[in-house]
Amino acid sequence: MKKIVCTALLIVAAASMLFAQGSNESATASTEQRVVTTVCRASYANEEWYNRMNADFEAETGIHVDVQPTPGNDDDHDAKVNIDLLAGRTIDVIPSLGPKFYYERVEAGFFAPLSELAAAAGVDVNSVYGGYLPADESGEFYSVPVKQELWCVFFNRNLFDAAGVPYPEGPWTWDEYVETAKKLTDPSKGIYGSHMSIDPPWTIMLAKQEEIPLYKEDGTCNFDDPRWREAIEFYATLGNELKVQMSVEEFKNENASWNYYALAGDHIAMFPNGNWFTRLLNSQTDYPKDWSYGVAPMPSTGNENGANNLVSMGYVSVNKNAAHPEEALEYVLWLGENQWKYEGGIPALATLSEEDKNLAFSSVADASNGQVTVDEIYNAWINTGLGTTESDIIGTAAGEYDNIVEDELEAYFLGLQSIDVTIDNVVNRVNEAIKNVQ
Amino acid sequence: MKTKLTKSNLRDARTGYIFILPFVVLFAVFKVYPLIYGFAVSFLGRNSIRTVSDTTFVGLENYVKVLQSNSFWTSLEKSFQYALIYTVVVMVGGFLTAMLLNRKFRGRTFVRTMAYLPYVTNVIAIGIVLKYLFNPTKGPINAIFRAFGEAGPKWFSSPDLALPMTAIIGAWLAMAFNTITILAALQDIPNDLFEVADIEGASGLQRIRYIVLPMISSALFMLLTITVINSFKSYTTVVSLTNGGPASSSRVLSLQIYEDAFTYMKFSIAAAEGTLFTLIIIAFNKILDKVRAVWENR
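Residues numbered from 1 in each chain as written. Chains lettered and ligands numbered in written order. Predicted model: local features only at pLDDT ≥ 70, side-chain atom pairs only at ≥ 80, totals over all residues.

### Structural notes on the overall build of chain B
Each helix and strand counted, chain B has 12 helices and 0 strands in total. Listed N to C, the secondary structure of chain B is α-α-α-α-α-α-α-α-α-α-α-α in terms of helices and strands. Relative to the compact-globule value of 19 Å for 298 residues, chain B shows a C-alpha radius of gyration of 24 Å, a clear excess of over 25%. On the principal axes, the C-alpha backbone points of chain B span a range of 80 × 75 × 35 Å. By residue count, 33% of the 298 residues in chain B fall in the buried class. Across chain B, the fraction of contacts at a sequence separation of at least 24, relative to all contacts at a separation of at least 6, is 68%. (Helix = DSSP H or I, 4+ residues; strand = E, 2+ residues; numbered from the N terminus. Rg over C-alpha atoms; globule rule 2.2 N^0.38 Å. Buried ≥ 20, exposed ≤ 12 C-beta atoms within 10 Å, placed from the backbone. Contact = placed C-beta atoms within 7 Å.)

### Here's the deal with the overall build of chain A
When you go through chain A residue by residue, the secondary structure sums to 19 helices and 9 strands. In terms of C-alpha radius of gyration, chain A reaches 25 Å, essentially the compact-globule figure of 22 Å for 438 residues. By its C-alpha atoms, chain A is 80 × 60 × 50 Å across when sized along the principal axes. Within chain A, contacts between residues separated by at least 24 positions form 77% of all contacts whose residues are at least 6 apart in sequence.

### Thoughts on the packing of helix 18 (residues 398-413) of chain A against helix 19 (residues 419-437) of chain A
Packed helices, taken two at a time, are described by the angle between their axes plus the distance between the axes. Residue and element names in this part refer to chain A. One way to put it is that helix 18 packs onto helix 19 with a least axis distance of 9 Å and a crossing angle of 160°. Taken together, helix 18 and helix 19 sit at an angle that is classed as roughly antiparallel. As for how helix 18 packs across helix 19, the hand of that crossing is right-handed. Along the contact surface, helix 18 presents Glu400, Tyr401, Ile404, Val405, Glu408, Leu409, Ala411 and Tyr412, while helix 19 presents Ile419, Thr422, Asn425, Val426, Arg429, Val430 and Ala433. Considering only residue class, the contact of helix 18 with helix 19 consists of 10 nonpolar, 2 polar and 3 charged. (Axes fitted to C-alpha atoms, helices over the stretch in contact; angles between N-to-C directions. Parallel < 35°, antiparallel > 145°, perpendicular 65-115°, else oblique. Left-handed = near helix turned anticlockwise from the far one by under 90°. Nonpolar A, V, L, I, M, F, W, Y, C, P; charged D, E, K, R; others polar.)

### A short note on the nonpolar core
By size, the foremost hydrophobic cluster in this structure holds 114 residues, and its most contacted members are Cys152(A), Phe154(A), Ala269(A), Val318(A), Tyr331(A), Val332(A) and Tyr401(A). For Tyr331(A), the contacting residues outside a window of four places in its chain are Val36(A), Phe57(A), Ile63(A), Val65(A) and Val93(A). (Core = buried A, V, L, I, M, F, W, Y, C linked by C-beta atoms within 7 Å.)

### Considering the interface of chain B and chain A
Every contact between the two is made by 25 residues of chain B and, on the other side, 24 residues of chain A. Per-class residue counts for the side of chain B that touches chain A are 10 nonpolar, 10 polar and 5 charged.

### A few points about helix 15 (residues 325-343) of chain A
At Glu337(A), helix 15 of chain A shows its largest kink, close to 50°. Just past helix 15 of chain A, the residue Gly344(A) takes up positive phi, approximately 75°. (Bend = angle between axes of the 7 residues up to and from the residue.)

### A closer look at the domain arrangement of chain A
Residue and element names in this part refer to chain A. Once the domains are mapped, chain A shows domain 1 (34-149 + 313-363) and domain 2 (150-311 + 372-437). Distance from the C-alpha centre of domain 1 to the C-alpha centre of domain 2: 28 Å. Opposite the 14 residues of domain 1 that make contact, domain 2 presents 17 residues. Residue assignment for the side of domain 1 that touches domain 2 shows that the elements contributing at least two residues are strand 4 (143-156) and helix 16 (354-367). (Domains from an automatic or database assignment.)

### Description of helix 12 (residues 267-296) of chain B
With 30 residues, helix 12 of chain B ought to run about 44 Å at 1.5 Å a step, and its terminal C-alpha atoms sit 43 Å apart, in line with that. Looking only at helix 12 of chain B, the buried set comprises Phe267(B), Ser268(B), Ile269(B), Ala270(B), Ala271(B), Ala272(B), Glu273(B), Gly274(B) and Phe277(B). Looking at the buried positions of helix 12 of chain B, the neighbouring elements they touch are helix 19 of chain A together with helix 1 (7-41), helix 2 (61-68), helix 3 (70-101) and helix 11 (253-263) of chain B. (Expected span 1.5 Å × (residues − 1).)

### Brief notes about the environment of Arg89(A)
Residues and elements named next belong to chain A. Along the chain, Arg89 falls in the loop between helix 4 (74-86) and strand 3 (93-97). Taking the C-alpha atoms as reference, Arg89 lies 8.8 Å from Ala323; in sequence the two are 234 residues apart. If sequence neighbours within four positions are ignored, Arg89 has contacts with Asp84 and Asn321.

### Side note on unusual backbone geometry
Residues and elements named next belong to chain A. Between Gly170 and Pro171 the backbone carries a cis peptide bond, its omega angle lying at -10°. Tracing the backbone shows Pro171 in the loop between helix 8 (157-163) and helix 9 (174-184). The phi dihedral of Glu211 falls on the positive side, at around 55°, and the residue is not glycine. Structurally, Glu211 can be placed in the loop between helix 10 (205-209) and helix 11 (226-240). For Lys243, which is not glycine, the phi dihedral falls at a positive 55°. With respect to the helices, strands and loops of the structure, Lys243 is situated in the loop between helix 11 and helix 12 (248-253).

### So, the packing of helix 11 of chain B against helix 12 of chain B
All names here are of chain B. The interhelical angle for the contact between helix 11 and helix 12, taken along N-to-C directions, is 155°, at an axis separation of 7 Å. With respect to helix 12, the axis of helix 11 lies roughly antiparallel. In this structure, helix 11 crosses over helix 12, and the sense of that crossing is left-handed. Counted together, Leu253, Gln256, Ile257, Asp260 and Ala261 of helix 11 and Phe267, Ile269, Ala270, Glu273, Gly274 and Phe277 of helix 12 form the full contact between these two elements. Along the lines of polarity and charge, the residues of the contact of helix 11 with helix 12 split into 7 nonpolar, 2 polar and 2 charged.

### Considering the pairing of strand 3 of chain A
Every other side chain in a regular strand lies on the same face of the sheet, so the side chains alternate between the two faces. Residues and elements named next belong to chain A. Within strand 3, 5 of the 5 residues are buried, leaving the element largely enclosed by the surrounding structure. The alternating pattern of strand 3 places Val93, Pro95 and Leu97 and Ile94 and Ser96 on opposite faces, both of which are buried. Sheet analysis places strand 3 next to strand 8 (residues 308-318), joined by 5 bridges and oriented antiparallel. Each bridged residue has a counterpart across the sheet, and for Leu97 the counterpart in strand 8 is Gly314. (Pairing = 2+ DSSP bridges.)

### Let's talk about the pairing of strand 4 of chain A
Residues and elements named next belong to chain A. Buried residues dominate strand 4, accounting for 14 of its 14 residues. Both strand 4 and strand 6 (residues 268-274) contribute to a ladder of 5 bridges, which runs antiparallel. If you follow Phe154 over to strand 6, its bridge partner there is Phe271.

### A closer look at the environment of Ile91(A)
Note that Ile91(A) resides in the loop between helix 4 and strand 3. Beyond its immediate stretch of four places on either side in the chain, Ile91(A) contacts Thr37(A), Thr38(A), Val39(A), Gln68(A), Asp84(A) and Asn319(A).

### Some words on the environment of Thr90(A)
Residue and element names in this part refer to chain A. Its place among the elements puts Thr90 in the loop between helix 4 and strand 3. For Thr90, a count of 13 C-beta atoms within 10 Å gives the class partly exposed. As a C-alpha pair, Thr90 and Ala323 span 233 residues in sequence and 5.2 Å in three-dimensional space. In this structure Thr90 touches Asn319, Asn321, Ala322 and Ala323, once residues within four positions along its chain are discounted.

### Digging into the confidence of the model for chain B
Should pLDDT be low for a region, the predicted coordinates there are not to be read in detail. Residues and elements named next belong to chain B. Summarising the model, chain B shows a mean pLDDT of 90, and 97% of its residues fall at 70 or more. Within chain B, no element has a lower average pLDDT than helix 4 (residues 108-116), which sits at 87, and none a higher one than helix 3, at 95. In the predicted complex, the global pTM is 0.81; the interface-specific ipTM is 0.75. (pLDDT = per-residue confidence, 0-100.)

### Re the confidence of the model for chain A
The predicted model of chain A has a mean per-residue pLDDT of 88, with 93% of residues at 70 or higher. Note that residues 17-30 of chain A has pLDDT below 50 and, in this model, 0 contacts with residues that lie over four places away or in other chains.

Okay, here's the thing in structure tokens:
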């Protein structure tokens, strides 16, 4: 009897699963909705602009955007996306924020070539994106730029007002930045004039601005160029000798993370970072604060070749194994022209109408509730008189290079090793990493 | 002598195979296959995102690269430091806690439950709470030091303390298993022996040395083997507390293997590191087996 009851239950369970599956399929078939799949960092999935952007795309094109968020930090996200690509998954659209893995993904052949597809779709990509299009010598490209992230100095207006120091304006140099930071630093009140995270590019900022090569001509590590050492020593001086910002030890004790300035900017006067940080400073919900921020252009090194701002590009690509290639192309081209309108970033478009320029910067200005104006943003991000150079380490074993620099410099900043040992360790470890991937 | 297979025996055997089938299948899929696959990958040239589909046989090249790299030896040294602290704390702490819980006192059941709690609590959650408790500037523990005019240790942000602290916390999380096992072994010791010891006027230490340790030595050796193996599985604890920092001071080999594989996509290098690490752990256990054999045959 027991046997019969068990068998009957199993049959019912199996049948219900079968019919459940069938009904789902028929539901999908009946609506025949076009779908495009993509991945994003978990933090994006909860952002209002991101969801509104995808909803508008769906309303405009009838294509539903199925977003698969990845938990964890940026490294976790990149690792997950890389593994997905390696495993041949059919997710349609792949965003690459920052160039750390972008070039490797292109070289690995994970992305579909887009030149013919875009032309067939009637889009003249060269006139739309101009020099921002990451095309190779043959004119082929595998991604569409959706934004550029330019650096600036965020500052706390309240601390400047209290200290009677005029707000910073460009053009200015790092020497002037330090002098300003000194005037604002007040140890008795726990106020620091400056804050710079302990990762690259902050720790190697000056050499990055001067475009000192990371690799020698033979492909080995060029970190023994004296300008890298000078840049590192400059960073160390700020915290250890001049004490205009937290020392690395204090930084570690504070558990200061990537969003520290948005959390604790009430006692920090200036903070260089990418324009994307306005999203945090404008969010009273996630980062409530009782002080106002301003924006200033990045200082230059004062040397002839150091008048550069840092820039990081954001790209979207179509997976070569995409399950919905047509929808993916449509989504990618749409993002290239529209994402900046929602995210409040700087578009990577060849030409911008006055109306678009106003829209690009007014969305940030409006969200700031009067803390920054369109003109201030334009002058701090675009109208700086500075050239641009990549903020990230790009090249062979770039991800490992970045982490090695971070590790070894941290040991130097904590007083565990000399600058000579630090430079030697970086060169040896990076050369080892380069050798391992060759 | 051959046993004749009756219908009943066959049915029993079949039932037995059905019971172990889920384990065998899962073990084969999630342990044996990855182990063999990882070993095979260690001989290929898959060391970047570009060459991940590469099936070129490179022989022992990855092993040579690993053995010549400073980072491997440094991480291995950190793993041994972690393992040493972890094993000592788990073995000694587990034994002392078991001795304590073997005594009769009010609230013993509650204390036993509390002692077991860390073992079943999520490591990441514990990491978040402990990082707050031990925060040098904001945490309540250093507030006690500050009340006495001292800044207090830097705990996880000190290069000298980060690894020992992580190992001690890892040990505290794992100690309950040893405690419970030793407690069970202690309760198996016949009371007569202790009564004789009392009559002979043996001290507490003499009772431990001449009665307790010899009587539970089998359990202790079994626990030592498990503890040594577990001591090298430090990835979760290290990631949740220090993520290998500061300045690589707590970067153990398991963390390096993970990063080499999934952050830098050097799958073959990571596979070679993993294979070498496995061989080292096996060698360690062989040594422990020898020590146990010598101990038991003395």
